[in-house]
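Residues per chain, in single letters:
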Amino acid sequence: MLRITIKQIAEQCGVSVASVSKALNHAPDIGPQTAERIRNTAKEMGYFPNAAAQALKKSKSNNIGIILESSSNLSIKHEYFLEILTSFRSVIEQKGYDTTFLSPTMGVTGMSYLEHARYRGFDGILVEHTQWERHDLQELVNCGIPVVTVDYVHGNNGAVLSGNQQGMQSLVQYVYEKGHRKIAFIHGTDVPVTRIRLAAFYNACEQLGLEIPEEYVLESGFNDMFSAAVATRQLLQLADRPTCILYADDVSAIGGMNELHLQGLRVPEDMSVTGYDGFLISSLVTPKLTTIHQDAETIGHLAAAELLKAIESPRSYLPQRHEVPCLLVAGETVQRI
């Protein structure tokens, strides 16, 4: 399909190219009736401004880059990340911005994050990543392009965080009030979110006067039913078993529950279980999973609002760090003892 040009609109309207340009850019030095006639003609002919030319003229692409990488390689497939992205885009697109996923391996030769960002001319970038030690990621977030991070605070950038400390502390408090004193934690891989949750777990237990044996704290992959089942099996082999197991996420909790079933144990009668995330899957299992709900929709909205401030008001912008509270969902998988 051929692109309609300003010259074709000018010929159709019987005016100069300069007049068409003025009308389309709402310049004040053209008659309102002429301007309206030109704009209506342009619309009827199917004219759209050339995005690249507009970007060059305004030094603005109206395009936002998105980096979405998780340790479990699920990224956009996972409900948490998908809901953040959907919420973020709903705000960004209402303000007239497009979104493009930013890749470190674009094309045959491959581009770094920064090279890809400059190639696309992004006005700003949303970053949800777990491998912050990567050189190319550090290079990008320090390059001067407005950046907002999710679940991580980096330098002088805006950030939106899920309340992982508050969420974990409320989870420990809940199972403690149910009478549990032998609490195990099968946490995710070594990423910033895990470090916060692990510290919050130990802190909450310490405040409650609980001593947690080293063998009660194990690592498995995020959203990995298999590794969660293996870790669960290790706990069950202990002479002094825990009475409650906290898992890094709801998928891992389901993997643990499957292993408990295979071992002939009932949830919660023989072993109590909790997850973390609180999305649809947690309400579909039987018994319903006790978990922590992360407000991904609010995280996405706040990230969009923060990035728009950084882009549109650069001189007055003061980076903010927002922490979005989590909500305990008391399901049916924690037994009172």
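You'll find the structure just up there.
Here is what the cut-offs are and how they apply
- Residues numbered from 1 in each chain as written.
- Predicted model: local features only at pLDDT ≥ 70, side-chain atom pairs only at ≥ 80, totals over all residues.
- Heavy atoms only, no water.
- Phe/Tyr/Trp six-rings, centres within 6.5 Å; stacked < 30°, edge-to-face > 60°.
- Buried < 20%, exposed > 50% of the residue type's maximum accessible area, 1.4 Å probe, protein only.
- Lys NZ or Arg CZ within 6 Å of the ring centre and 35° of its normal.
- Pairing = 2+ DSSP bridges.
- Helix = DSSP H or I, 4+ residues; strand = E, 2+ residues; numbered from the N terminus.
- Axes fitted to C-alpha atoms, helices over the stretch in contact; angles between N-to-C directions.
- Contact = heavy atoms within 4.5 Å.

S.K.: Mind laying out the packing of aromatic side chains, listing which residues take part and the relevant values?
M.R.: The final tally for this structure, using the stated rule, is four aromatic pairs. Geometrically, the ring pair formed by Tyr80 and Phe81 is edge-to-face, given 5.4 Å between the ring centres and 65° between the ring planes. For Phe81, a relative accessible area of 9% translates into the label buried. Following the ring pairs from residue to residue traces out a cluster consisting of Tyr80, Phe81 and Phe279. The residue whose ring lies beneath Arg181 is Tyr176, and the NZ or CZ to ring-centre distance is 3.7 Å.

S.K.: Describe the sheet that holds strand E9 (residues 272–274), and please don't skip the residues or the numbers.
M.R.: Strand order in this open sheet of four strands is E7-E6-E8-E9, and the pairing throughout is parallel. Each having just a single partner strand, strand E7 (217–219) and E9 make up the two edges of the open sheet. Pairs of neighbouring strands in the sheet enclose a mean axial angle of 20°, with direction left out of account. Note that strand E8 (residues 244–247) and E9 share three bridges and pair parallel. If you follow Leu246 over to E9, its bridge partner there is Thr274. Along the sheet face, helix H8 (residues 164–177) touches strand E6 (183–187), E8 and E9 and points at about 165° away from the line of E8. Helix H10 (residues 225–236) rests against E6, E7 and E8 of the sheet, and its axis sits at about 155° to E6.

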